[in-house]
Amino acid sequence: RLIAPGTAAPELRLPVSLVISVLKDDKMDDVVRDAVMLGVTRIRPVISERSEISLSSMARSNRIARWQRIAVSSVKQCGRAVVPEIHDAAPLDWYWTEKHSGARIMCIEPAAALGELTGVQAVARPAAADLIIGPEGGWAVPEVAAAHDSGAILMSLGGRTLRADAVPIVALTALLTTWGELK
């Protein structure tokens, strides 16, 4: 029985995708839940050099289906009307070859930088963005080089080394605040 009409929470004006190296154990569950609550439009799990899981084990597991269920629950909890798409896991190298129209923003630890890093407050508001987060242990040098060569913005969250499962939420919150999306 309908009690009263509901109003969905507003979606972000700026579509933001989360591209994240699959984290071990159940850490991805929390990342999916929280990223969906913050408004991401899609989640693209990738397997990087330092990922502790392989593509074949991802294919055998039910993780994508689990993350889809978690996304639905998170959407209900925060009042969104749109469930973000969760893609199948793919190799990180494949991501760099994919056609893309928005900004690619890769979080880099200062120690892994190939040069000057952009601070989060200096990242200009794009029309769309992919936020790229690495695995436990950080990015390998060739992965950072590939990001740089593809034109990605190499962004630092400061001098602290954060846990891999905390980085997506900290980075999303900082960027969305900088871009005026969290009002």
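Computed from a predicted model, the values in this text were never measured in an experiment.

### Quick look at the packing of aromatic side chains
Now for step 1: The full count for this structure, using the stated rule, is one aromatic pair.
Now for step 2: The positively charged end of Arg104 is found above the aromatic ring belonging to Tyr95, 4.4 Å away from the centroid.

### What about the packing of helix H1 (residues 27–38) against helix H3 (residues 63–78)?
Now for step 1: It is at 8 Å that the axes of H1 and H3 come closest, and there the two elements cross at 35°. Where H1 crosses over H3, the handedness of that crossing is right-handed. Of the residues in H3, those in contact with Met28, Asp29, Val32, Arg33, Val36 and Met37 of H1 are Arg66, Trp67, Ile70, Ala71, Ser74, Val75, Gln77 and Cys78.
Now for step 2: Its residues placed into classes, the contact of H1 with H3 shows nine nonpolar, two polar and three charged.

### Side note on the pattern of salt bridges
Now for step 1: Across all of its chains, the model carries ten salt bridges by this definition.
Now for step 2: Between Arg66 and Asp29 there is a salt bridge, with its nearest N and O atoms 2.6 Å apart. With Arg66 in helix H3 and Asp29 in helix H1, this residue pair connects regions lying 37 residues apart in the sequence.
Now for step 3: The class of Arg66 is partly exposed, set by a relative accessible area of 40%.
Now for step 4: Salt bridges here are not isolated pairs; linked through shared partners, they connect Arg13, Arg125 and Glu181.

### Examining the packing of H1 against helix H6 (residues 167–178)
Now for step 1: Here H1 crosses H6 at 10°, and the two axes come no closer than 10 Å. Put simply, H1 runs roughly parallel to H6. Along the contact surface, H1 presents Val31, Asp34, Ala35 and Leu38, while H6 presents Pro168, Ile169, Leu172, Thr173 and Leu176.

### Remarks on H3
Residues lying three or four places apart along an α-helix face the same way, a consequence of the helix completing one turn every 3.6 residues.
Now for step 1: For H3, which comprises 16 residues, the first-to-last C-alpha distance of 22 Å matches the rise-based estimate of 22 Å (1.5 Å per residue) to within 8%.
Now for step 2: Burial in H3 covers these residues: Arg63, Ile64, Trp67, Ile70, Ala71, Ser74 and Val75. Down the axis of H3, the smallest arc covering the buried residues is 140°, so these residues share one side. In H3, those exposed residues whose orientation departs by more than 90 degrees from the buried face are Arg69 and Lys76.

### Remarks on the environment of Leu92
Now for step 1: Looking at the secondary structure, you find Leu92 in helix H4 (residues 92–97).
Now for step 2: Here the alpha-carbon distance between Leu92 and Thr178, two residues 86 residues apart in the chain, equals 27 Å.
Now for step 3: Apart from residues no more than four positions distant in its own chain, Leu92 is found in contact with Val46, Ile47, Ser48, Trp139 and Glu143.

Conventions we followed
Going along each chain's sequence as written, the residues are numbered from 1 onward. Totals for whole chains, interfaces and linings use all residues, but because this is a predicted model, local features are given only for residues with pLDDT of at least 70 and pairs of side-chain atoms are given and counted only at 80 or more. No hydrogens and no water enter the side-chain calculation; it runs on all heavy atoms of the structure. The criterion for an aromatic pair is that two Phe, Tyr or Trp rings (for Trp, the six-membered ring) have centres within 6.5 Å, with stacked assigned to planes under 30 degrees apart, edge-to-face to planes over 60 apart and tilted to the rest. Counted as over-ring charges are cases with an Arg CZ or a Lys NZ within 6 Å of the ring centre that also lie within 35 degrees of the ring normal. Only C-alpha atoms enter the line fits that serve as axes; for helices the fit covers just the stretch in contact. Angles between N-to-C directions range over 0 to 180 degrees. Going along the chain from the N terminus, every DSSP run of H or I of four or more residues is numbered as a helix, and every run of E of two or more is numbered as a strand. Left-handed describes a crossing whose near helix is turned anticlockwise from the far helix by less than a right angle; the clockwise case is right-handed. Residue contacts are counted whenever heavy atoms from the two residues lie within 4.5 Å of one another. Basically, the charged four are Asp, Glu, Lys and Arg, the nonpolar ten are Ala, Val, Leu, Ile, Met, Phe, Trp, Tyr, Cys and Pro, and anything else, Gly included, counts as polar. The working definition used for a salt bridge is a side-chain nitrogen of Lys or Arg within 4 Å of a carboxyl oxygen of Asp or Glu. Remark: exposure states derive from per-residue accessible area (1.4 Å probe, protein chains only) relative to the maximum for the residue type, with buried under 20%, exposed over 50%, and partly exposed in between. In what follows, roughly perpendicular refers to angles from 65 to 115 degrees, roughly parallel to angles under 35, roughly antiparallel to angles over 145, and oblique to any angle outside these ranges. In this scheme, a helix's expected span is set at 1.5 Å multiplied by one less than its residue total. Regarding the arc, it is the one traced by the directions from the helix axis to the C-beta atoms.

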